[in-house]
Amino acid sequence: MPENRDFAEFYAAAFPNLTGALFMHTGDLGEAQDVVQEAMIQALRRWAVVSTYEEPAAWVRRVAWNLATSRWRRLRRGLELAARGWANDAVAGPDPDRVAIVRALAELPPNQRQAVILHYLEDLPVAETAELMGVAEGTVKSWLHRGRARLAVLLGDAALGGELENV
Amino acid sequence: MSDLDPLRSALTEAERSARQFVRPPGAEAARRTLRRRRAVRNTTLCMLLLFLPLALFLQLSSLRPSPAPLSPTSGPTPSGSVPAPTPSPSPSSSPSPSVLPSASVSAGPAEVGAPAAPASPRCQPKAFIVTTELSATRYTVSLENEKTFCPDGVVPYFWARYGFNAAFDTMVLLDSGRSRLDWTHKRRTVVISGTGDECDAWFIVQGSAAIKASIPWPKGQDASDPDDAYALYGRGNTKVAWMPFTRSGCMARS
């Protein structure tokens, strides 16, 4: 069944990358996996169309980020976790205390954090980052600049502050 | 965007360290979830298609207009003259209501034209009656909850008129009668003759209680209390009209 095989291949290739990036944003591996899985389900539902896109992963990334930044979804997940008990839902992941950059990212405003991850980790150009976030390129540049500066302070590493040209 | 960018390197390293913990639920899990959601959606749609018409039908049934309200009869009520009663002065005598001159004061003609209607699941088989004084001698007896009254509901009532007997210091039954309200007779007119006497007392009472032949005068005003030993009627019956002992002349004699 080619369609199934294609989706399975796509899933295997895209899931870890997307989950890793969203983990950097949420700081919660379980939530990142949930978000990416939901985005994959949405993709499967429209796979006949999504599979024809030049970059199906870009579509899934957009859906996943939308889900991750949805206030309603965060609220719902919070309620679900509260109902089930937080401890039972824990997914093993890197100890945040040992991943200083994740803690530092958590200190950034969500928009800055998302822009930094999309641009520096997912290698999206500023234009694509701005398009995905639905803001102007100048806004993204500003967020990237402030985000870098803040991370440099938080991590005590001036080199992280970089140069504006890195943007 | 140099690969030597320390921020890029730090992020990539952290992301890689996290990736080793990623446990994808799998493409098959996504398919199962999608199938389950489709099944739930289809089931919900089927349930809606099945029950929506039923719910609409029930809603419309409950909103079905009740039969047009009935108006009180305006025509004269057959009311015979009240023969001069000569009741037994003995309080112990208890004439049967069936031998009372009930024909002398009769209920008005039944309402006609009320359409028969099927029983509604929300209808009330019981109802309170209410009275409206049309004149000094004419009263309308009707249902309080006429619109929700069940087609097979029956509400009995009776009326009784007492006169003061000074010799025995008691109130003696002069006239009485019984009737009932039902689907086709939701209103009736009661004419109580002879109420010009200032010492008469008369009652229109809901229920089927036995009609007492006499009421001791000192306790006359307690006749409306179902708990009183001299009550005109018992618990479970409802007094809806009470016209005794309000005239100064009569009260003075007590």
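Up top you'll find the structure we're talking about.
Please clarify how a positive patch on the surface should be interpreted in this entry.
Residues Arg45(A), Arg46(A), Arg38(B) and Arg41(B) make up a contiguous surface patch of positive charge. Secondary-structure assignment places Arg46(A) in the loop between α2 (29-45) and α3 (47-50). Exposure remark for Arg46(A): the relative accessible area of 33% places this residue in the partly exposed category.

Please clarify how the environment of Ser208(B) should be interpreted in this entry.
Tracing the backbone through its elements, the reader meets Ser208(B) in the loop between β6 (201-206) and β7 (214-216). Taking the relative accessible area as the measure of exposure, Ser208(B) reaches 52% and is therefore exposed.

Help me out: how do you make sense of a nonpolar patch on the surface in this one?
Residues and elements named next belong to chain B. Together, Met47, Leu50, Phe51, Leu54, Phe57 and Leu58 give the surface a local cluster of nonpolar side chains, amounting to about 640 Å² of exposed area. Among the structural elements, Met47 can be located in helix α2 (residues 27-63). Exposure remark for Met47: the relative accessible area of 43% places this residue in the partly exposed category.

So what exactly am I meant to see when it comes to the nonpolar core here?
As a rule of thumb, soluble globular proteins bury nonpolar side chains together. Ranked by internal contacts, the top residues of the largest apolar core, which has 57 residues, are Met24(A), Met40(A), Ile101(A), Leu105(A), Val116(A) and Leu11(B). In terms of residues, this core owes the most to one element, helix α1 (residues 2-26) of chain A, which gives 10 residues. Other than its neighbours up to four places away in sequence, Met24(A) contacts Ile101(A), Val102(A), Leu105(A), Arg113(A), Ile117(A), Leu121(A), Leu11(B), Ala14(B) and Glu15(B). Counting residues in hydrophobic clusters, the runner-up holds 14 residues, among them Val155(B), Tyr157(B), Trp159(B) and Leu181(B).

In this structure, what is going on with the pattern of salt bridges? I would like to understand it.
Pairs can form between side chains of opposite charge once their charged atoms are near each other. All names here are of chain B. Following the criterion strictly, the structure yields 11 salt bridges over all chains and no others. A salt bridge links Glu15 to Arg19, with the nearest nitrogen and oxygen atoms 3.0 Å apart. Of this pair, Glu15 and Arg19 are both found in helix α1 (residues 6-19), 4 residues apart, which corresponds to roughly one turn of the helix. For Glu15, a relative accessible area of 5% corresponds to the buried category. Under the relative-accessibility criterion, Arg19 is labelled partly exposed at 33%. Taken together, the salt bridges that share partners define one network made up of Glu28, Arg31 and Arg35.

Looking at this model, I keep getting lost on helix α9 (residues 137-155) of chain A. Mind explaining?
A turn of α-helix holds 3.6 residues, and therefore any two residues three or four places apart point the same way. Residues and elements named next belong to chain A. Over its 19 residues, α9 extends 27 Å from the first C-alpha to the last, a length consistent with the 27 Å expected when each residue adds 1.5 Å. Along α9, the positions that sit buried rather than exposed are Val140, Trp143, Leu144, Gly147, Arg148, Leu151 and Ala152. Projected down its long axis, α9 shows its buried positions confined to an angular sector of 165°, all on one face. The first or second residue beyond α9 is Gly156, which carries a positive phi of 65°.

In this structure, what is going on with the state of the cysteines? I would like to understand it.
Defined simply, a disulfide is a covalent bond joining two cysteines at their sulfur atoms. Residues and elements named next belong to chain B. Going through the model one piece at a time under the given rule, you end up with 1 disulfide over all chains. Two residues share a disulfide in this structure: Cys123 and Cys150, whose sulfurs sit 1.9 Å from each other. Measuring the twist about the S-S bond at about 90°, one finds the Cys123-Cys150 disulfide to be right-handed. Of this pair, Cys123 sits in the loop between α2 and β1 (129-133) while Cys150 is found in the loop between β2 (138-143) and β3 (154-165), placing the two residues 27 residues apart along the sequence. Among the residues examined, Cys123 registers a relative accessible area of 15% and is labelled buried.

What counts and what doesn't
Residues numbered from 1 in each chain as written. Chains lettered and ligands numbered in written order. Predicted model: local features only at pLDDT ≥ 70, side-chain atom pairs only at ≥ 80, totals over all residues. Heavy atoms only, no water. Patch = residues over 30% accessible without salt bridge, like charges linked within 9 Å, V, L, I, M, F, W, Y side chains within 5 Å. Areas by Shrake-Rupley, 256 points an atom, 1.4 Å probe, with all protein chains shown as cover. Salt bridge = Lys/Arg side-chain N within 4 Å of Asp/Glu carboxyl O. Lys, Arg positive; Asp, Glu negative; His and termini not counted. Charge placed at Lys NZ, Arg CZ, Asp CG, Glu CD. Helix = DSSP H or I, 4+ residues; strand = E, 2+ residues; numbered from the N terminus. Buried < 20%, exposed > 50% of the residue type's maximum accessible area, 1.4 Å probe, protein only. Core = buried A, V, L, I, M, F, W, Y, C linked by side-chain atoms within 4.5 Å. Contact = heavy atoms within 4.5 Å. Expected span 1.5 Å × (residues − 1). Arc of directions from axis to C-beta. Disulfide = S-S within 2.5 Å.

Read these as layout, nothing more, since geometry by itself doesn't imply function.
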